[in-house]
Amino acid sequence: MKRFKKIYIEITNVCNLSCDFCPVTKRKPELMSLETFEKILINIKPYADYIYFHVKGEPLLHPEIDKFLDLSLDYGFKVNLTTNGKLIDKAKNKIINKKVLRQINFSLHSFDANEPDITLINYINSIISFTMEAVKNNIIVSYRLWNLEEDIKSLEKNRHILNIIEKAFNLDYKIEEKLLESRGVKISENVYLNAASKFKWPQTDLKQRDIIGFCYGLRNQAAILVDGTVVPCCLDGEGVINLGNINNTSFKDIIESSRAAALYDGFSNRHVIEDLCKKCDYRRRFNY
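I will try to describe carefully the structure that is included in this document. These numbers come from a predicted model, not from an experiment. (Residues numbered from 1 in each chain as written. Predicted model: local features only at pLDDT ≥ 70, side-chain atom pairs only at ≥ 80, totals over all residues. Heavy atoms only, no water.)

1. Quick word on the overall build of the chain
Right, so step 1: Within the chain, the regular secondary structure consists of nine helices and nine strands.
Right, so step 2: For 288 residues, the compact-globule estimate of 2.2 N^0.38 gives 19 Å, and the C-alpha radius of gyration of the chain, at 19 Å, lies within 12% of that figure.
Right, so step 3: Considering only C-alpha atoms, the chain reaches an extent of 55 × 40 × 35 Å along its principal axes.
Right, so step 4: By the burial criterion, 52% of the 288 residues in the chain qualify as buried.
Right, so step 5: Looking at the chain alone, contacts between residues at least 24 apart form 69% of all its contacts between residues at least 6 apart.
Right, so step 6: In the structure as shown, the chain presents an accessible area of about 13600 Å², 49% of it carried by carbon and sulfur atoms. (Helix = DSSP H or I, 4+ residues; strand = E, 2+ residues; numbered from the N terminus. Rg over C-alpha atoms; globule rule 2.2 N^0.38 Å. Buried < 20%, exposed > 50% of the residue type's maximum accessible area, 1.4 Å probe, protein only. Contact = heavy atoms within 4.5 Å. Areas by Shrake-Rupley, 256 points an atom, 1.4 Å probe, with all protein chains shown as cover.)

In structure tokens form, the structure reads like this:
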């Protein structure tokens, strides 16, 4: 039986921000119901141990996120959650004591988007305050700066963020210098910072395309959108590669379908089958 390292579940496609690096979804705004979520968990239980609340949307916007976490625990999953962090103070009490929460990723590159009333220092300090409590509960915290231009030396725009983190954790080194050696830095016990270059989300209207390459889609990951649509990875935010819907087809039948098999076998032979995959900038990182 195929096993996945992670399955992404989009509990909402609604976001409180409109960042320039993340295309706004054309799908109708939606919050996943607990009933749909439980159906998903039942379907994917044989295939994964880790689920990620992430595709499009901001998971902390879901008013029942605490119930989603409780249900995940009931079915034996571990949850990773990705957020822009702007709502962490409001949502903290719903998630901080949930043993099912394994890791929370903060996309710090969202800091300057849309809400000028929230100053940078207040934004980062709220996240750091949550971090201090989270690590006591054995929750891993990862700070992300996925907004570099071409290489790690383009950190200038992030230095103010790094300075706040350095002071808060009393670091005796410059994070920027560590990032010149490695894209990941351990800040403290269970606290990490990762930097990466920008990438363009795959979109059908992009001109650049190639037919040779590799991807981990349907190999170590799959994603399920808020309406139940199953797609190969977390970057198909519009459901272009619609493999089936979990509301009317089992996850087993979906991932064993002819379209899914063609995509998987194609990547096994370094051949890109789906048109959207041919236009995926992120996939090119794995073209070895």
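2. Digging into the nonpolar core
Right, so step 1: Residues I9, F37, I44, L108, Y143, I165 and F251 are the most contacted members of the largest nonpolar core, which totals 76 residues.
Right, so step 2: Ranked by the residues each element gives to this core, the list is headed by helix α4 (residues 120-136), at six residues.
Right, so step 3: For F37, the contacting residues outside a window of four places in its chain are I9, I11, M32, I51, F53, F68, L71 and S72.
Right, so step 4: Membership of the second largest hydrophobic core comes to twelve residues, among which are Y52, V55, C233 and C234. (Core = buried A, V, L, I, M, F, W, Y, C linked by side-chain atoms within 4.5 Å.)

3. Topic: the packing of aromatic side chains
Right, so step 1: Considering all chains together, one arrives at eight aromatic pairs under this definition.
Right, so step 2: Centre to centre, the rings of F214 and Y216 are 5.0 Å apart; their planes meet at 85°, and the pair counts as edge-to-face.
Right, so step 3: Its relative accessible area of 6% is what places F214 among the buried residues.
Right, so step 4: For Y216, a relative accessible area of 28% corresponds to the partly exposed category.
Right, so step 5: Joined through ring pairs, the aromatic side chains of F4, Y47 and F251 make up one cluster.
Right, so step 6: Lying over the aromatic face of Y52, K6 brings its terminal NZ or CZ to 5.5 Å of the ring centre.
Right, so step 7: The aromatic ring of Y123 is capped on one face by K86, whose charged end is 5.3 Å from the ring centroid. (Phe/Tyr/Trp six-rings, centres within 6.5 Å; stacked < 30°, edge-to-face > 60°. Lys NZ or Arg CZ within 6 Å of the ring centre and 35° of its normal.)

4. Let's talk about the pairing of strand β5 (residues 140-148)
Right, so step 1: The buried fraction of β5 is high, at eight of nine residues.
Right, so step 2: In terms of strand pairing, strand β4 (residues 101-107) meets β5 through five bridges, oriented parallel. Bridged to F106 within β5 is Y143.
Right, so step 3: In this structure, β5 lies alongside strand β7 (residues 191-197), joined through six bridges in parallel fashion. Bridge pairing in β7 links L145 to A195. (Pairing = 2+ DSSP bridges.)

5. A look at the sheet that holds strand β1 (residues 6-9)
Right, so step 1: Sheet architecture is open: nine strands sit in the order β6-β7-β5-β4-β3-β2-β1-β8-β9, paired in mixed fashion. Since the sheet does not close on itself, it has two edges, and those belong to β6 (184-188) and β9 (230-231), each with one partner.

6. Some remarks on the pairing of strand β3 (residues 78-83)
Right, so step 1: With respect to burial, β3 is a largely interior element, five of its six residues being buried.
Right, so step 2: Of the strand pairs in this sheet, strand β2 (residues 50-53) and β3 are connected by four bridges, and their pairing is parallel. Across the sheet, the residue bridging to F53 is L81, located in β3.
Right, so step 3: The parallel pair β2 and β3 is bridged by helix α2 (residues 65-74), and the resulting crossover is right-handed.
Right, so step 4: The pairing of β3 with β4 spans five bridges and is classified as parallel. Along β4, the bridge assignment pairs V79 with L101. (Right-handed = clockwise from strand over helix to strand, strands pointing away.)

7. Quick word on unusual backbone geometry
Most peptide bonds take the trans form, and the phi angle of most residues other than glycine is negative.
Right, so step 1: Not every positive phi belongs to a glycine, and N170 is a case in point at roughly 55°.
Right, so step 2: Of note, N170 is situated in the loop between α5 (159-168) and α6 (175-179).
Right, so step 3: Of note in the backbone geometry, L218 takes a positive phi value of approximately 65° without being a glycine.
Right, so step 4: Within the secondary structure layout, L218 lies in the loop between β7 and β8 (221-224).

What is shown is where atoms sit, not what they do.
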